[in-house]
Amino acid sequence: MDKDITRRSFIKKSLAGGAVALAAAHGLHPSPVRAADSKDVMRGGVFRMAESYTPNTLDVHKASMRFAVSGAIYDFLIDARVTPETQKCTLIPALATKWSEENDSKRLVFELRKGVKFHDGSPFDAKVAQWNLERLRNHPESHLKSELKVIAGVDVVDDYRIALNLSYPSKQLLYNLSSAVVTAGMVSKQFHDRHGEEEIYRKGAGSGPFRVKEWLVDNKVILERVEGYWKQGADGKPLPYLDGAELNYRPDKSQTVIDLRAGAMDAMEEPPPRDVEKIIKEGDTIYIPLPPAERSWPCLALNPRRKPFENTYLRKAAFYALDRERIAKIMGYGVGRAHQYPYITGGQSGWDPAAWADYSYNPELAQRLVKKDFPKGVDAELFYIEREPDRTIAQMVKSMWDKAGIRTKMGGRERLGWIETMRGDTYEGAFWSAPTRVGSAISVYVQSGGKSNWGNYQNPAVDMLLNAYDRTTDPKKSHDLMRSALGIIWMDAELTTGYAVPYGAAARKNVHGLQAHWDCLAIENVWKSKI
C-alpha cells in the first residue's frame, strides 16, 4: 500500500473510478470475500463489530431496521449475496433448497431443507414455515406486512413443501423473503408457543449460526456459536468459524474509527467518508466498498403544492443550480460520486439516465429560469434535520440557490419536528438521505401513500406504472416500466439528489469473509487470521 498517498490523488482516483477502483488502486481487494480453502481458514476468536444503530428488538419480524444481529441468529428461506465486482445481488437457496412457479406465476412452491433445528432444538418444517409467513403477513407489528400483501394464503403441501398462493405475480416477493431485506427470518414456533413474544423480543429464537448469549440494551449484543449448524465452511466443518461475536452500538462513528485503528474493534459498518483516507493509509485497516447498495445525499424534495415551488420553472432552476461535483468532492471525500437520481443506481432494473431529464449543473440556465417568473428573485425555506452532515449540506445548497436568485432560509429541525413537518406536507423544500432498495423496490418512496414517501410525491401515472412493475416478472418489461416511471418523476422536477456513497465497511486487516446481504453486514463466514 502506498503510504505517501495525498488527498489530491485520493480524490482524483476516487472520482475517476468510484470507490471500488479506489480500493483496487491502493492494493485492497474490492470484494470482502476472500476465497478461502481449508489451509487458509483459522477457527476461533471473537469478532467485535460496531454499528451506529441499536436493535429495537431481537424478534426479526418486528425489527425496525436491518441489523447484523438478525442475519446472525436467523436463517431465511432464501439467501442474498452481493458481488461488488459486478454490482449484482444474487438469490441463492437457504432454508428453501429450490422454488418454482405455477399457475402463471401466481403460485410459488418451495422445497424446504431437511434436518435443520432451531436453537431450542425444535425442527424446521413446512408447518413452521407456514406459521412464520402467516405471522409476517398478519402480525400488526410485522415490518413486512404491507410488502407481503401479495400473498393470499400459504398451503402446506407436505412435511417439507409449502406453496404461496399469490393475488398476482410479484417480481419483488423473492427479495422480500430473502436475507437481503433481513426481516423474513424463520422463528421457532415452539419457542414462541412456550415462552411468548416477550422472550423472543429479549432473546431471539432462530436457527442461524449464532445464538444470543446476552443483550445489553443500547450497548451490545453478545453472540456465541451454535454447534452443528447446517452450513459448511471451506474446511468442511460447520460454520461459523468464530467462537462468538459482539455487535456494539457505537453512534459516534468518528470515535469508532479511532477504536478500529487502535484494535479495540475488528470492524465497523459504513465508516464516514471523511475517515476513509485514514483507514486506507493505516497499515492495519482496510476499507471495503459493497456496492450496489448505496445512500445518496441530499434527497431533495420540492413541494409543488406550496409556494414558491408550485412553479415548475423554479423547481428546475433549483435543480440546475446544484453543483453536484462540488458537493460530492467536499462531502464525499473521494468515496462519494456526483449523482442526481435518488433510490436507484447503475445496474438496477430501470436504470437509463440517457432517457431521463438531465439537471446537470448549469448556473446560467438556473438564473434565467428564476428570472422568468421572479425577476427580483424569490424567497424559499429549506427544511433539514439539525445534525451533521445535514447541516453542512444545507449550507452548501443555500449558497448555490442564493447565487441563482432563490434566497434561502435555513430551516433546521430536530428529527421529530422534521417528521411532523414532512407528514403535514407543510414544507417548501426539504431533504433527507436516500437508500437504494434491492430489486429496485422504490414504491415505498415515491408511490402515493408510500410509508417512506417523505416528500409526499403524487402522480397517478407513476402509481399505475409502479403497480404494473410490482406485478411483472418479465425482466425486460420490468425494466421498461421502471424506466418510464422514473422518467416521469424526474421530469416533474420534484426529487433529485447530489452525491452517492456506496454501502461498505471498514475492518482490521486480519478480518476475512465479511459480506453483505444488501445493506446489512453478514458475519457467518467471518474468520480472523493471526495479526
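Please read all numbers here as calculations on a predicted model, not as lab measurements. (Residues numbered from 1 in each chain as written. Predicted model: local features only at pLDDT ≥ 70, side-chain atom pairs only at ≥ 80, totals over all residues. Heavy atoms only, no water.)

Attention now goes to the overall build of the protein. Helices and strands together make up the secondary structure of the protein, namely 16 helices and 22 strands. Since a compact globule built from 531 residues should have a radius of gyration of about 24 Å, the 24 Å found for the protein is in line with a globular shape. With respect to the principal axes defined by its C-alpha atoms, the protein has extents near 75 × 60 × 40 Å. Relative to its full complement of 531 residues, the protein shows a buried share of 58%. Taken as a whole, the protein presents about 21600 Å² of accessible surface, with 48% of it coming from carbon and sulfur. Where the 75 positive side-chain charges of the protein centre and where its 67 negative ones centre are 3 Å apart. (Helix = DSSP H or I, 4+ residues; strand = E, 2+ residues; numbered from the N terminus. Rg over C-alpha atoms; globule rule 2.2 N^0.38 Å. Buried < 20%, exposed > 50% of the residue type's maximum accessible area, 1.4 Å probe, protein only. Areas by Shrake-Rupley, 256 points an atom, 1.4 Å probe, with all protein chains shown as cover. Lys, Arg positive; Asp, Glu negative; His and termini not counted. Charge placed at Lys NZ, Arg CZ, Asp CG, Glu CD.)

The subject of this paragraph is the pattern of salt bridges. Across all of its chains, the model carries 36 salt bridges by this definition. With a closest N to O distance of 3.9 Å, Asp 284 and Arg 508 form a salt bridge. One end of the pair, Asp 284, is in the loop between helix 8 (273–281) and strand 12 (285–302); the other, Arg 508, is in strand 18 (residues 499–508), and 224 residues separate them in sequence. The exposure class of Arg 508 is buried, given its relative accessible area of 10%. Between Lys 476 and Asp 480 there is a salt bridge; the shortest N-O distance is 3.0 Å. With a gap of 4 residues between them, Lys 476 and Asp 480 both fall in helix 16 (residues 475–492), about one helical turn apart. (Salt bridge = Lys/Arg side-chain N within 4 Å of Asp/Glu carboxyl O.)

Moving on: the sheet that holds strand 7 (residues 161–166). Reading across from one edge, 4-5-7-6 is the order of the 4 strands in this open sheet, with antiparallel pairing throughout. The outermost strands of the open sheet, each flanked by one partner alone, are strand 4 (96–102) and strand 6 (151–158). Neighbour to neighbour, the strand axes of the sheet diverge by 20° on average, direction disregarded. As paired strands, strand 6 and strand 7 are joined by 6 bridges and run antiparallel to one another. Counted as the bridge partner of Val 156 is Ile 162 from strand 7. Docked against the sheet, helix 3 (residues 126–138) engages strand 5 (107–112), strand 6 and strand 7, running at close to 175° with respect to strand 6. (Pairing = 2+ DSSP bridges. Axes fitted to C-alpha atoms, helices over the stretch in contact; angles between N-to-C directions. Contact = heavy atoms within 4.5 Å.)

Residue pairs three or four apart in sequence face the same way in an α-helix, which turns once every 3.6 residues. By the burial criterion, the buried members of helix 7 (residues 253–262) are Thr 256, Val 257, Asp 259 and Leu 260. Within helix 7, the buried residues cover an arc of 165° as seen down the axis, which keeps them to one side. Next to the buried residues of helix 7 lie strand 1 (46–51), strand 11 (267–269), helix 8, strand 12 and strand 18. Its side-chain oxygen placed 3.2 Å from the backbone nitrogen of Ser 254, Asp 252 serves as the N-cap of helix 7. Immediately beyond the C-terminal end of helix 7, within one or two residues, lies Gly 263, with a positive phi of roughly 90°. (Arc of directions from axis to C-beta. Polar contact = N/O pair within 3.5 Å; in protein donor to acceptor, adjacent residues only side chain to side chain.)

Looking now at the packing of helix 9 (residues 312–320) against helix 11 (residues 363–373). Viewed as axis vectors pointing N to C, helix 9 and helix 11 meet at an angle of 160°, and their least axial separation amounts to 8 Å. Viewed along their axes, helix 9 and helix 11 adopt a mutual orientation that is roughly antiparallel. As for the relative orientation of helix 9 and helix 11, their crossing is left-handed in sense. Counting all contacts with helix 9, which are made through Tyr 313, Leu 314, Lys 316, Ala 317 and Tyr 320, the residues of helix 11 involved are Pro 363, Leu 365, Ala 366, Leu 369, Val 370, Lys 372 and Asp 373. (Parallel < 35°, antiparallel > 145°, perpendicular 65-115°, else oblique. Left-handed = near helix turned anticlockwise from the far one by under 90°.)

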